[in-house]
Amino acid sequence: HSAEARPGLAPSSQLRAPSSARQKSGGKEFVLVAIVAVLVLAGGGWFVLKTRAENAEKARLAAELVQKQQAETNRLNGLKNSLRSKLAAARLEWEAYESDLRDAERRAGELKSELRSLRDASPQKKAELSASLSAQELYTGWLKNSLLRHPAKLARVQAEEFLQSGAVDEAAAAVQELRSALDGIAGEISRRKEYFFATTAGVRLSSKPEGVKWILTDAYGRTQEGTTPASVTGLPLTHFAEGGVPVSPFTSVPAGEFTTGKITVRFLRSGWPDVVKEATAPSGENQVIEADFPEGAVAVRSIPTGVPFKITQNGTDRGWSATGTTPATVQGVPAGGDVQVRLSRPGYSDVWQNLAIEPGKVAQTLELDHRSQPVRIKVAEPARILVDGKLAGTQETELSALPPGEHTLQLDAPGYPPYRAKFTVAQKATPALSLAYSFKQLAAENITCPACSGAGSIQHHGRCNQCNGTGRRDCPDCVNGVAGYVDGDYGGGVIGQKMVMCSACNRKGYFICESCTNGTAYWKTTCTTCRGDGKVSKLQLPP
């Protein structure tokens, strides 16, 4: 550069003029000046940059603050709208609960009016309606008290005041509390409705032994039946109990639990007296009602074994009996009374014994003797022995199982007519009945012929052809059922007919003939049994 370009500076020729020392001193100063200038320039640039950065940060923070304020404003406005909407819904829900209360009060009034109008209804119907009224009044009272003091009312007032004063967050907390309270009352109302109107009780029925019929009658007179064991549910709750003691039915009390009122259960088992149990079942419980039918047993023994028997109760007709054959032990016999054990089979007289039956014990009979007298039959000659038409042996036999009573005997021996007789067997354990026969002796013995009574002839009689043996005949002079004068005794009369004594047979019932003896006609034939001699051997006699 030329000197003219730099005003105020000396020409370069002048600069180079000083001495060397001055030249050195001037170079150092220049360097210092340059350093200072660089430092000054650097510091100024840094300051400028710093200032610019600070200003940019302030602008950014201000913008963020504006955004946050706008967002908060938007949030609060949105929350206010949401809270207002929730409060409006809560008001509607609360009004619905208040409407439920008015409906409950109206229903209680209707039931009360209906109960007053039931003059000619059955006691069971009145009891059922009274129970419904009691439950309705209790529910109405509970709902009224619950709504009057419910936390939801306070939470709603607080939420509205917070919202009006601008305390939106506090209002939101109060609305949340209001929501929780409303949700709680909804669940509580549902539970209380079930408690007052839908809840029923149940009982469990059992017996010893099982399989016994039962009939249950509830407080309304309605019945159910079945067999044990059983669970009966759906029993209506009619009483409000306090401290476990039933209070008079159908009255409102402030605290307690519902019960079913009096339940009557009748257990019926054939042979036992009915067992009647009364109880009350509290709500939510399954009370056990049990009946016990005490049993004993009977051991039946007899001589011989295999005899049919029947056991019946003495002094009562409860429909219980048992049968079997000896020996046997019969279980399940009604205890507490007497029974009769009777042995019975065709041809034998019954044998019996009375026994007292105790619970859990076995009553034993004696060895009831149902035997008959044994019979020994002996024939001197070889012969077939037939008893009651059946072959019982040859020449000699012993019978121990003949039923008591009369039996026929026939003995068949070669060369002799059959011998027929009868014998009687006793029903008792006596010594054997011994019967001994000899055909030679029987053929030699003659006795009076029973057919002709020794007369050698048989007399035949005939019936009177007028009275047919009755000794009475129709009156020939009857007029409209009135007898005229007739000789002889009058007999008994019937409508339209009079009977008189038969003059033909003089009330004997036989013909009158010229050859009669003592007024009885007869004619004789030779006796076919004795051939007219009036004698017959034992072998010729019919059984």
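Above this text sits the structure in question.
All figures in this text were calculated on a predicted structure; none of them were measured in a lab. (Residues numbered from 1 in each chain as written. Predicted model: local features only at pLDDT ≥ 70, side-chain atom pairs only at ≥ 80, totals over all residues. Heavy atoms only, no water.)

Student: How should helix H4 (residues 151-165) be read in this particular structure?
Tutor: Owing to its 3.6 residues per turn, the α-helix brings residues three or four apart onto one side. Look at H4: 21 Å from first C-alpha to last across 15 residues, which is about the 21 Å you get at 1.5 Å a residue. Those residues of H4 that sit buried are Ala 152, Ala 155, Ala 159 and Leu 163. Here the buried residues of H4 occupy an arc of 65 degrees about the axis, which is enough to place them on one side. The exposed residues of H4 that point more than 90 degrees off its buried face are Leu 154, Glu 161, Gln 164 and Ser 165. (Helix = DSSP H or I, 4+ residues; strand = E, 2+ residues; numbered from the N terminus. Expected span 1.5 Å × (residues − 1). Buried < 20%, exposed > 50% of the residue type's maximum accessible area, 1.4 Å probe, protein only. Arc of directions from axis to C-beta.)

Student: Got a minute to help me understand the sheet that holds strand E1 (residues 201-208) in this structure?
Tutor: Hydrogen bonds between backbone groups are what pair the strands of a sheet, and the pairing can be parallel or antiparallel. Taken in spatial order, the three strands line up as E4-E1-E10 in an open sheet, and their pairing is mixed. The two strands at the open ends of the sheet, each matched to only one other strand, are strand E4 (230-235) and strand E10 (286-292). Averaged over neighbouring strand pairs, the angle between their axes works out to 25 degrees when direction is ignored. Bridge count for E1 against E4 is four bridges, and the pairing is antiparallel. The residue of E4 that forms the bridge with Leu 205 is Ala 230. (Pairing = 2+ DSSP bridges. Axes fitted to C-alpha atoms, helices over the stretch in contact; angles between N-to-C directions.)

Student: Is there a simple way to explain the sheet that holds strand E14 (residues 328-334) in this structure?
Tutor: Sheet architecture is open: three strands sit in the order E14-E11-E17, paired in mixed fashion. Edge positions in the open sheet fall to E14 and strand E17 (362-369), since each of these has one partner strand only. When strand polarity is set aside, the average angle formed by the axes of neighbouring strands in this sheet is 25 degrees. Note: strand E11 (residues 295-303) against E17, six bridges, orientation parallel. Counterpart to Ile 303 in the pairing with E17 is Asp 369.

Student: When you look at the environment of Gly 221 in this model, what are you seeing that I'm missing?
Tutor: Within the secondary structure layout, Gly 221 lies in the loop between strand E2 (213-217) and strand E3 (223-227). Placed 43 residues apart in sequence, Gly 221 and Thr 264 show a C-alpha to C-alpha distance of 9.5 Å.

Student: Help me understand the pairing of strand E9 (residues 275-279) in this model?
Tutor: Regular strands show a simple pattern: their side chains alternate between the two faces of the sheet. Across five bridges, strand E8 (residues 263-268) lies against E9 in antiparallel orientation. Across the sheet, the residue bridging to Arg 266 is Val 276, located in E9. Between E8 and E9, which follow one another and run antiparallel, lie six residues, and Gly 271 among them has a positive phi close to 100 degrees.

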